[in-house]
Amino acid sequence: MIQDKLKAEIRDIVDFPKPGIVFKDITPLLKDAELCNEMIDAIIDQLQGIEIDAIAGIESRGFLFGFLLANRLGLPFIPIRKQGKLPFKTISESYALEYGQATIEIHEDAFEKGSRILIHDDLLATGGTVVAASKLIEKLGGVIAAYSFIISLDFLKAKGRLSRFSDTISSLVSY
């Protein structure tokens, strides 16, 4: 089962990036190309029956599997990046992190109005970054079709924050 394989490889980094946080490190997963392909297959299985026009990945780890997923599905990939990293005209959204403050941006021409967007990231924790990404998609006239994560920290209850944008929220592993 994919969950068991992932849990065996994901490592905990205690007190990173600050004391009190247990960081879920997905980099060991990247060593195994076959496992990465299984992960993409499992995400695609979770998305059956959902109409998606493009996939947005959140910097930086959301790019890893978000782009692979978009490529496998033959869909455009939309990077959502930290402020100042995108070269064209952007819109931005600021938000609070569990360990600070941040701003993310998206290109103004990332997709056509009315497009149904899947937002992908490696991990759902408190949901601040994903809510900010959702607001960016909506500002440009997009619709959040679904969310996809490798890991969800369910004890932080972020899915409730996302449900106002879409009730379709999936992850491969939950803690």
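Everything below is about the structure shown above.
Here's what I pulled together on the structure shown here.

1. Structural notes on the environment of Asp41
Then, in step 1: On the secondary structure map, Asp41 appears in helix 2 (residues 33-46).
Then, in step 2: Here the alpha-carbon distance between Asp41 and His120, two residues 79 residues apart in the chain, equals 14 Å.

2. Quick notes on helix 2
Then, in step 1: With 14 residues, helix 2 ought to run about 20 Å at 1.5 Å a step, and its terminal C-alpha atoms sit 20 Å apart, in line with that.
Then, in step 2: By the burial criterion, the buried members of helix 2 are Leu35, Cys36, Met39, Ile40, Ala42, Ile43 and Ile44.
Then, in step 3: For helix 2, the secondary structure elements touched by its buried residues are helix 1 (2-9), helix 3 (61-73), strand 7 (116-124), strand 8 (143-152) and strand 9 (169-174).
Then, in step 4: The N-capping residue of helix 2, defined by a side-chain oxygen 3.1 Å from the backbone nitrogen of Glu34, is Asp32.

3. Let's talk about the pairing of strand 4 (residues 77-82)
Then, in step 1: By the bridge criterion, four bridges tie strand 3 (residues 54-58) to strand 4 in an arrangement that is parallel. Considered in strand 4, the bridge of Ile58 is made with Ile80.
Then, in step 2: Read as a crossover between parallel neighbours, the route from strand 3 over helix 3 to strand 4 is right-handed.

Thresholds, definitions, all that
- Residues numbered from 1 in each chain as written.
- Predicted model: local features only at pLDDT ≥ 70, side-chain atom pairs only at ≥ 80, totals over all residues.
- Heavy atoms only, no water.
- Helix = DSSP H or I, 4+ residues; strand = E, 2+ residues; numbered from the N terminus.
- Expected span 1.5 Å × (residues − 1).
- Buried < 20%, exposed > 50% of the residue type's maximum accessible area, 1.4 Å probe, protein only.
- Contact = heavy atoms within 4.5 Å.
- Polar contact = N/O pair within 3.5 Å; in protein donor to acceptor, adjacent residues only side chain to side chain.
- Pairing = 2+ DSSP bridges.
- Right-handed = clockwise from strand over helix to strand, strands pointing away.

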